[in-house]
Amino acid sequence: MNINDVLVTGTEGAASDYPIDNWGLLVALLLVALAAVISAVLKLGVERRLLWATVRSLVQLLAMGLIISYVIQVNQWWLVFALLGVMIIAAVQITLTRGSGLPKGLVPPVFLTLLASAVLMFSVVVELIIRPQPWYAPQVVVTMVGMLLGNVVSAIAVAITRLFDDMRTRRYEIETMLAWGATPLEAAMPSITSAVRLGLIPTIAQLASSGIVLIPGMMAGQIIAGGDPVQAARYQFVVLAVISSLTALADTLIVMLVYRVAFTENHRLRTDL
């Protein structure tokens, strides 16, 4: 069984055997509402954000399901890549929203990093590992790139937040290094290393716990869809391995592109950082 069988025929079988109807969605919403009540009782202050995020997630997922269904029916390569373009643009906004305390001027480097990651995902994961027919198969390209892109977004948001937070903490150390003739890269390197390391920690933890503690979403979905569990495990391992590699590459690329934002043209640390 290949991934096209899993994503098309396998999913159709799962939809007919184990449908999630409106009642199922309502139960899930009630569980979130219970969590919101707990937040309100304990005065955690996250109930509104939790409820809003839940409603937004439901609407976005259902909308994306309808869009992907349409793209699969049309089955045109240009429409697939148009959808990927919209996803990358949205990912830029989400990345900058998730980050905290970020300076201005990060849109171009974030866009470049996400675009490079998406191209690498498509070239390696889709075309070299999965090799769908046709080469632009929407059910493969959109789902795989979207899944991997989501992980990269989270990783680089953590990395750039850590980078600038660490540089603020090290302000006097960095200014001293610059005064003694260090280049901006040399002065920022401890912060760069710390940012890349922190961005990799969740990915490494997920990779280490998968299979025993955690059955990840893609593997679980394929098994529920009636796929071979061993084959599903292979696909999940490929995804996790690629996520680890892409996270390291994306984190390194983004911090190398943005660290100079913290410095002025005459190699001084910005006072408004």
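None of these values were measured; they are calculated from a predicted model. (Residues numbered from 1 in each chain as written. Predicted model: local features only at pLDDT ≥ 70, side-chain atom pairs only at ≥ 80, totals over all residues. Heavy atoms only, no water.)

Looking at the overall build of the protein
Then step 1. When helices and strands are counted, the protein shows ten helices and zero strands.
Then step 2. Reading the protein from its N terminus to its C terminus gives the helix and strand order α-α-α-α-α-α-α-α-α-α.
Then step 3. Along the first, second and third principal axes, the C-alpha set of the protein runs to 70 × 50 × 35 Å.
Then step 4. Every one of the 273 residues in the protein was classed for burial, and the buried ones make up 38%.
Then step 5. Counting contacts in the protein only where the partners sit at least 6 residues apart, residues at least 24 apart contribute 71% of the total.
Then step 6. A total of about 15,500 Å² of accessible surface is found on the protein, and carbon and sulfur atoms cover 68% of it.
Then step 7. Placing the 16 positive and 15 negative side-chain charges of the protein at their respective mean positions leaves the two points 10 Å apart. (Helix = DSSP H or I, 4+ residues; strand = E, 2+ residues; numbered from the N terminus. Buried < 20%, exposed > 50% of the residue type's maximum accessible area, 1.4 Å probe, protein only. Contact = heavy atoms within 4.5 Å. Areas by Shrake-Rupley, 256 points an atom, 1.4 Å probe, with all protein chains shown as cover. Lys, Arg positive; Asp, Glu negative; His and termini not counted. Charge placed at Lys NZ, Arg CZ, Asp CG, Glu CD.)

A look at the environment of Val261
Then step 1. Tracing the backbone shows Val261 in the segment after helix H10 (229-258).
Then step 2. Among all residues touching Val261, those that are not within four sequence positions of it are Pro103, Lys104, Leu106, Phe164 and Arg270.

Observations regarding a nonpolar patch on the surface
Then step 1. Residues Trp23, Leu26, Val27, Leu30, Leu31, Leu34, Val37, Ile38, Val41, Leu42 and Leu44 make up a contiguous nonpolar surface patch of about 1,100 Å² in total accessible area.
Then step 2. For Trp23, the position within the fold is in helix H2 (residues 22-41).
Then step 3. Residue class for Trp23 comes out exposed when judged on its relative accessible area of 58%. (Patch = residues over 30% accessible without salt bridge, like charges linked within 9 Å, V, L, I, M, F, W, Y side chains within 5 Å. Salt bridge = Lys/Arg side-chain N within 4 Å of Asp/Glu carboxyl O.)

Digging into the environment of Pro190
Then step 1. Mapped onto the fold, Pro190 is located in helix H8 (residues 184-209).
Then step 2. Judged by relative accessible area, which is 38%, Pro190 ranks as partly exposed.
Then step 3. Along the primary structure Pro190 and Asp166 are separated by 24 residues, whereas in three dimensions their C-alpha atoms are 8.7 Å apart.
Then step 4. Those residues in contact with Pro190 that sit more than four places away from it in its chain are Asp166 and Arg170.

A short note on the domain arrangement of the protein
One frequently used descriptor of interface size is the decrease in accessible area upon assembly of the parts.
Then step 1. On domain assignment, one finds that the protein holds domain 1 (1-74) and domain 2 (76-273).
Then step 2. Spacing between the C-alpha centres of domain 1 and domain 2 amounts to 24 Å. (Domains from an automatic or database assignment.)

A few points about the side chain of Thr203
Then step 1. On the secondary structure map, Thr203 appears in helix H8.
Then step 2. Under the relative-accessibility criterion, Thr203 is labelled buried at 11%.
Then step 3. Those residues in contact with Thr203 that lie beyond four places of it in its chain are Ile243, Ser244 and Thr247.

With respect to the packing of helix H5 (residues 107-130) against helix H6 (residues 138-169)
Then step 1. For the pair H5 and H6, interaxial distance at closest approach is 9 Å and the crossing angle is 140°. Taken together, the axes of H5 and H6 are oblique relative to one another. H5 and H6 meet at a crossing whose hand is right-handed. Contacts between H5 and H6 involve Val110, Thr113, Leu114, Ser117, Ala118, Met121, Phe122, Val125, Val126 and Ile130 on the former and, on the latter, Val140, Val141, Met144, Val145, Leu148, Leu149, Val152, Val153 and Ile156. (Axes fitted to C-alpha atoms, helices over the stretch in contact; angles between N-to-C directions. Parallel < 35°, antiparallel > 145°, perpendicular 65-115°, else oblique. Left-handed = near helix turned anticlockwise from the far one by under 90°.)

Topic: unusual backbone geometry
Then step 1. Here the amide bond leading from Gln133 into Pro134 is cis, since omega sits at -5°, within 30 degrees of zero.
Then step 2. By secondary structure assignment, the location of Pro134 is in the loop between H5 and H6.
Then step 3. In this structure, Arg131 takes a positive phi of about 55° despite not being glycine.
Then step 4. Structurally, the position occupied by Arg131 is in the loop between H5 and H6.

A few points about the side chain of Asp166
Then step 1. Within the element layout of this structure, Asp166 appears in helix H6.
Then step 2. When near neighbours in sequence (up to four residues on either side) are disregarded, Asp166 contacts Pro190, Ser191 and Ser194.

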